[in-house]
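Observations on chain architecture
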Amino acid sequence: MINTTKMLAAILVCSTTPVLADGHSQIWSMAGLANAPSSSKMMEGMTGSILINSSIDLWDWSEAPEGFPALVTAECNQSIALTAEGAPFGGVGVCSMMDPDGDLAIYFGEITPQLEYIGSLTAGSGKYEPYVGQKFVGTVTGMLSTGQQMYHVVAAE
């Protein structure tokens, strides 16, 4: 049987994004709200499963430098590998967004067995373009049984 708590943590831990301060390569802490998945599909194999989810997340960029929005949404898609017992052992996630100014950003990351999301800004236009390649780590800070959760993002060391 799948461990629901571990599975939900893996599903939504991917919904993170970095924002970079004052044109430097250092990002600041950011909070996010992962909504319950808007779609979900399970591919069940003999030795494990792959959980594929999509959600629209809300990102609090209240500490963003001037010129960045304080609040944005992103469409996030994750594929999480689960053991036969339901424990996550890896995965990937992609979040895509367009801010109110029409600038675009795509974030990609890997989900670790420790349920961290190690990622980077992989493509960006406008104000995001100079920050392509910047790395971050996201972790879940709280979760509801509905699948909604809060997460926190910090610069990768």
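Everything here concerns the structure above.
Residues numbered from 1 in each chain as written. Predicted model: local features only at pLDDT ≥ 70, side-chain atom pairs only at ≥ 80, totals over all residues. Heavy atoms only, no water.

A short note on the pairing of strand β2 (residues 39-44)
Little of β2 sits out of view: just zero of its six residues are buried. Sheet topology places β2 next to strand β3 (residues 48-60); six bridges connect them, and they run antiparallel. Looking at the pairing, serine 40 lines up with asparagine 53 of β3. Hairpin remark: β2 followed by β3, antiparallel, with three residues in the connecting loop. (Buried < 20%, exposed > 50% of the residue type's maximum accessible area, 1.4 Å probe, protein only. Helix = DSSP H or I, 4+ residues; strand = E, 2+ residues; numbered from the N terminus. Pairing = 2+ DSSP bridges.)

Brief notes about the environment of valine 132
Within the secondary structure, valine 132 is located in the loop between β7 (117-124) and β8 (135-143). By relative accessible area, which is 38% here, valine 132 ends up partly exposed. Along the chain, valine 132 and threonine 122 lie 10 residues apart, while their C-alpha atoms are 5.5 Å from each other. Among residues more than four places away in sequence, those in contact with valine 132 are Leu121, Thr122, Ala123 and Gly124. (Contact = heavy atoms within 4.5 Å.)

Comments concerning the packing of aromatic side chains
By the definition in use, this model includes eight aromatic pairs. Each ring, one from tryptophan 59 and one from tyrosine 107, has its centre 5.7 Å from the other, and the planes form 85 degrees; the classification is edge-to-face. Here tryptophan 59, found in strand β3, pairs with tyrosine 107, found in strand β6 (residues 104-111); they are 48 residues apart in sequence, far enough to count as distant. Tyrosine 107 gets classed as buried once you look at its relative accessible area, which sits at 0%. For the pair phenylalanine 68 and tyrosine 128, a centre-to-centre distance of 5.6 Å together with 75 degrees between the ring planes defines the contact as edge-to-face. With phenylalanine 68 in the loop between β3 and β4 (71-83) and tyrosine 128 in the loop between β7 and β8, this pair connects stretches of sequence that are 60 residues apart. Judged by relative accessible area, phenylalanine 68 falls into the buried class, the value being 14%. Judged by its relative accessible area of 2%, tyrosine 128 is buried. An aromatic cluster is present here, built from Trp59, Trp61, Phe68, Tyr107, Tyr117, Tyr128, Tyr131 and Phe136 joined pairwise through their rings. (Phe/Tyr/Trp six-rings, centres within 6.5 Å; stacked < 30°, edge-to-face > 60°.)

Some details on the pattern of salt bridges
Side chains bearing opposite charge may pair, as long as their charged atoms lie close to each other. By the definition in use, this model includes three salt bridges. With its nearest N and O atoms 2.9 Å apart, the salt bridge here joins lysine 127 to aspartate 101. Taken together, the residues lysine 127 in the loop between β7 and β8 and aspartate 101 in the loop between β5 (88-98) and β6 connect sequence positions 26 residues apart. Using a relative accessible area of 18% as the deciding quantity, one classes lysine 127 as buried. Through salt bridges with shared partners, one network takes in Asp99, Asp101, Asp103 and Lys127. (Salt bridge = Lys/Arg side-chain N within 4 Å of Asp/Glu carboxyl O.)

Things to note about the side chain of asparagine 53
Position of asparagine 53 among the secondary structure elements: in strand β3. A polar contact is formed between the side chain of asparagine 53 and the side chain of serine 40, at a distance of 2.5 Å. (Polar contact = N/O pair within 3.5 Å; in protein donor to acceptor, adjacent residues only side chain to side chain.)

Structural notes on the nonpolar core
Counting 24 residues, the largest nonpolar core has Trp59, Trp61, Met97, Tyr107 and Tyr128 as the members making the most contacts within it. Counting residues per element, the ones that place at least two in this core are β1 (30-34), β3, β4, β5, β6, β7 and β9 (149-155). For this core, the element with the highest residue contribution is β4, accounting for five residues. (Core = buried A, V, L, I, M, F, W, Y, C linked by side-chain atoms within 4.5 Å.)

Points about the pairing of β1
Here β1 shows one buried face, formed by Met30, Gly32 and Ala34, and one open face, formed by Ala31 and Leu33. Examined bridge by bridge, β1 and β9 share five bridges and lie antiparallel to one another. Along β9, the bridge assignment pairs alanine 31 with histidine 152. Bridge analysis of β1 against β3 gives four bridges, and the strand direction is antiparallel. What sits directly across from alanine 31, in β3, is aspartate 60.

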